[in-house]
Amino acid sequence: VALEVVRANNLNDSEVEQLAKSRVVCEEILEEIARRREWIRKYSVMLALAINPKTPTGISVRLVPHLSVKDLRNLVRDRNVPDAVRQTAVRIYRVKSA
């Protein structure tokens, strides 16, 4: 039911951001949010998906290069995200902060 609500596109930006931040939402909903260009363009939604441990690793890794240096630094320190995401954040943080 929740997936159909997301697909219906009746959500505003703040509701989408709350869904992307939620750690109890299923992965399919996070994947659907990541597929929508109009939602993923919002930095807050992109950041929420990148730091959410339930977001599939492939999606998170794809979003990491678009994050700011400050958010990359926070992501590097976050032990809740998958190792692949954190290692990508470390690599990109070194390049951007140099």
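Residues numbered from 1 in each chain as written. Predicted model: local features only at pLDDT ≥ 70, side-chain atom pairs only at ≥ 80, totals over all residues. Heavy atoms only, no water.

## Details of the nonpolar core
Part 1 of the argument: If you look at the biggest cluster of nonpolar residues, it comprises 26 residues, and the most contacted ones within it are Ile33, Leu49, Leu63, Val64 and Leu75.
Part 2 of the argument: Contributing elements (two or more residues each) for this core: helix H2 (13–21), helix H3 (27–35), helix H4 (37–40), helix H5 (43–51), helix H6 (57–63), helix H7 (69–77) and helix H8 (83–97).
Part 3 of the argument: Element by element, the count of residues in this core is highest for H5, at five residues.
Part 4 of the argument: Those residues in contact with Val64 that sit more than four places away from it in its chain are Leu72, Leu75, Val85, Thr88, Ala89 and Ile92. (Core = buried A, V, L, I, M, F, W, Y, C linked by side-chain atoms within 4.5 Å. Buried < 20%, exposed > 50% of the residue type's maximum accessible area, 1.4 Å probe, protein only. Helix = DSSP H or I, 4+ residues; strand = E, 2+ residues; numbered from the N terminus. Contact = heavy atoms within 4.5 Å.)

## Details of the environment of Pro82
Part 1 of the argument: If you trace the backbone, Pro82 turns up in the loop between H7 and H8.
Part 2 of the argument: For the pair Pro82 and Ile51, spaced 31 residues apart in the sequence, the C-alpha separation amounts to 9.4 Å.

## Brief notes about the packing of H7 against H8
Part 1 of the argument: Their axes nearest at 9 Å, the elements H7 and H8 cross at an angle of 140°. In this structure, H7 meets H8 at a crossing whose hand is left-handed. Contacts between H7 and H8 pair Val69, Leu72, Arg73, Leu75 and Val76 from the former with Val85, Arg86, Ala89, Val90, Ile92, Tyr93, Lys96 and Ser97 from the latter.
Part 2 of the argument: Classifying every residue of the contact of H7 with H8 gives nine nonpolar, one polar and three charged. (Axes fitted to C-alpha atoms, helices over the stretch in contact; angles between N-to-C directions. Left-handed = near helix turned anticlockwise from the far one by under 90°. Nonpolar A, V, L, I, M, F, W, Y, C, P; charged D, E, K, R; others polar.)

## Let's talk about the pattern of salt bridges
Side chains that carry opposite charge are capable of pairing whenever their charged atoms lie near each other.
Part 1 of the argument: Applying the stated criterion to the full structure yields nine salt bridges.
Part 2 of the argument: Note that Arg7 and Glu32 form a salt bridge whose closest N and O atoms lie 3.6 Å from each other. Placement of the pair is Arg7 in helix H1 (residues 2–7) and Glu32 in helix H3, with a sequence separation of 25 residues.
Part 3 of the argument: Put simply, Glu32 and Arg35 hold a salt bridge, and the shortest N to O gap is 2.7 Å. On the criterion of helical spacing, the pair formed by Glu32 and Arg35 is a turn pair, its members being three residues apart in helix H3.
Part 4 of the argument: Assessed through its relative accessible area of 8%, Glu32 is described here as buried.
Part 5 of the argument: Linked by salt bridges that have partners in common, Glu4, Arg7, Glu31, Glu32, Arg35, Arg36 and Glu38 make up one network. (Salt bridge = Lys/Arg side-chain N within 4 Å of Asp/Glu carboxyl O.)

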